[in-house]
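Chains, contacts and geometry: an overview
Single-letter residue listing:
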Amino acid sequence: MSTETIDRPVTAENTCYHIKESNQGTSLDIKDFNLWYGNAQALFDINMSIQKGMVTALIGPSGCGKSTLLRSINRMNDLIDDLRIDGQIKVGDYGIYGPGVDVIALRKRMGMVFQKPNPFAMSIYENVIYPLRVDGISKKSILDETAERSLRAAALWDEVKDRLDESALGMSGGQQQRLCIARGIASDPEVLLMDEPCSALDPIATAKIEDLIHQLREQYTIVIVTHNMQQAARVSDNVGFMYLGKLIEYGETGVIFVNPKLQQTSDYITGRFG
Ligand SMILES: Nc1ncnc2c1ncn2[C@@H]1O[C@H](COP(=O)(O)OP(=O)(O)O)[C@@H](O)[C@H]1O
Ligand SMILES: [Mg+2]
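Residues numbered from 1 in each chain as written. Chains lettered and ligands numbered in written order. Predicted model: local features only at pLDDT ≥ 70, side-chain atom pairs only at ≥ 80, totals over all residues. Heavy atoms only, no water.

1. Describing the sheet that holds strand 1 (residues 16-18)
The strand order 1-11-10-4-9-8-7 describes an open sheet built from seven strands, whose pairing is mixed. Each edge of the open sheet carries a strand with a single partner, namely strand 1 and strand 7 (110-113). Taking the axes of each pair of neighbouring strands and ignoring which way they run, one obtains an average angle of 20° across the sheet. Here four bridges tie strand 7 to strand 8 (residues 191-195), and the two strands are oriented parallel to one another. Pairing of M112 across the sheet is with L193, part of strand 8. Its contacts with the sheet put helix 1 (residues 66-73) on strand 4 (55-59), strand 7, strand 8, strand 9 (221-225) and strand 10 (238-243), and the angle it makes with strand 8 is roughly 155°. This element, helix 7 (residues 203-216), spans strand 4, strand 8 and strand 9 of the sheet and lies at about 150° to strand 9. (Pairing = 2+ DSSP bridges. Helix = DSSP H or I, 4+ residues; strand = E, 2+ residues; numbered from the N terminus. Axes fitted to C-alpha atoms, helices over the stretch in contact; angles between N-to-C directions. Contact = heavy atoms within 4.5 Å.)

Encoded structure:
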């Protein structure tokens, strides 16, 4: 399989790099990042500048390290035994693997949404404001404002405003996922991390989440893992194609899907492997 670039230089080691840059600059800067589960290396020399106010999609075959990379960004991997990393990830100027990092404070700067909607067994209202409760905020006006603002931002307010006290478990799957997005943005993070957020949803619910991603991108830096190539093409500004733990090509979405620089990327997106 050829890994030669067609007409653009490789600007980051090991990666064919041709991203669209944001006029707001870089939000997350991943530098020489490696990760091992025990003796098995899962990420190799990842170098990636994730642009502020844009949507970045991670694609690649199952097991190539997309979720591992996403979980490295908010240090969720810390919970795994026998994990080792080297390299650095910065959010703004803050090195998230530096000494003395407050991991709880860090996670507040990053909302996370998972594959399967995971609402808590409590009311719609309590689900949304959960991050504030954890912070010990109890002033009703603040909680009410946050609930409304987050539900509006998650395009759910009109559907649930008259039943905020009902259990979240009675909602449809698509509503539950939008609720999880509302909860993810309630503490006003800078970054929203989404790991295959539509894979458990039907096409209509999926379309609503994609619309929502479009609306949220103005305000948040979004990183989305998806195995759905059409979805990556529809929602993202830049795409990182990963394979066997490496970032192979990282570039502007239109270029990646129409005229990728590497044969390997082209083979994957046209369904020749994966
Ligand atoms: N908790 C874990 N412990 C050990 N190995 C893991 C763990 N999570 C993922 N892996 C391994 O790391 C590699 C990348 O997995 P993952 O990040 O889940 O890939 P993707 O999200 O692209 O499907 C795979 O080989 C997987 O088996
Ligand atoms: Mg995954």
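2. Overview of the side chain of R75
Inspection of the secondary structure assignment puts R75 in the loop between helix 1 and strand 5 (83-91). Other than its neighbours up to four places away in sequence, R75 contacts I96, Y97, V101, V103, L106 and R107.

3. Focus on the nonpolar core
L151 and I181 are the most contacted members of the largest nonpolar core, which totals 48 residues. Summarising the domain contributions, this core has at least three residues from each of domain 1 (1-109 + 190-274) and domain 2 (119-188). Those residues in contact with I181 that lie beyond four places of it in its chain are V113, A154, L192, M194, I209, L212 and L216. V91, Y97, M110 and V223 belong to the second-largest nonpolar core, a separate cluster that totals 31 residues. (Core = buried A, V, L, I, M, F, W, Y, C linked by side-chain atoms within 4.5 Å. Buried < 20%, exposed > 50% of the residue type's maximum accessible area, 1.4 Å probe, protein only. Domains from an automatic or database assignment.)

4. A look at the sheet that holds strand 6 (residues 94-95)
With antiparallel pairing, four strands are arranged side by side in an open sheet as 3-2-5-6. The sheet is open, and its two borders are formed by strand 3 (40-51) and strand 6, each paired with just one other strand. Relative to strand 6, strand 5 is paired through two bridges, and the arrangement is antiparallel. Looking at strand 6, one finds that K90 is bridged to G95.

5. Here's the deal with the site of ligand 1
Neighbouring ligand 1 are Y37, A42, P61, S62, G63, C64, G65, K66, S67, T68, R71 and I80. Here a nitrogen atom of ligand 1 and a side-chain polar atom of Y37 are 3.4 Å apart. Here an oxygen atom of ligand 1 sits 2.7 Å away from a polar atom, N or O, in the main chain of G63. When isolated, ligand 1 has an accessible area of 560 Å², and the protein chains bury 59% of it. (Near = heavy atom within 4 Å. Polar contact = N/O pair within 3.5 Å; in protein donor to acceptor, adjacent residues only side chain to side chain. Areas by Shrake-Rupley, 256 points an atom, 1.4 Å probe, with all protein chains shown as cover.)

6. A look at the packing of helix 3 (residues 124-134) against helix 6 (residues 173-186)
The interhelical angle for the contact between helix 3 and helix 6, taken along N-to-C directions, is 30°, at an axis separation of 7 Å. By the angle between their directions, the pair helix 3 and helix 6 is classed as roughly parallel. When you trace helix 3 past helix 6, the crossing you get is right-handed. Of the residues in helix 6, those touching helix 3 at I124, N127, V128, Y130, P131 and L132 are L179, A182, R183 and A186. Within the contact of helix 3 with helix 6, the residues separate by chemical class into eight nonpolar, one polar and one charged. (Parallel < 35°, antiparallel > 145°, perpendicular 65-115°, else oblique. Left-handed = near helix turned anticlockwise from the far one by under 90°. Nonpolar A, V, L, I, M, F, W, Y, C, P; charged D, E, K, R; others polar.)

7. Describing the pattern of salt bridges
For the structure on display, the rule yields 14 salt bridges. Note that D144 and K140 form a salt bridge whose closest N and O atoms lie 2.7 Å from each other. Taken as a pair, D144 and K140 lie in helix 4 (residues 140-153) at a separation of four residues, close to a single helical turn. Judged by relative accessible area, D144 falls into the partly exposed class, the value being 30%. With a closest N to O distance of 3.9 Å, D158 and K161 form a salt bridge. Look at K161 and you get partly exposed, because its relative accessible area is 38%. The network of salt bridges with shared partners includes K20, R217 and D237. (Salt bridge = Lys/Arg side-chain N within 4 Å of Asp/Glu carboxyl O.)

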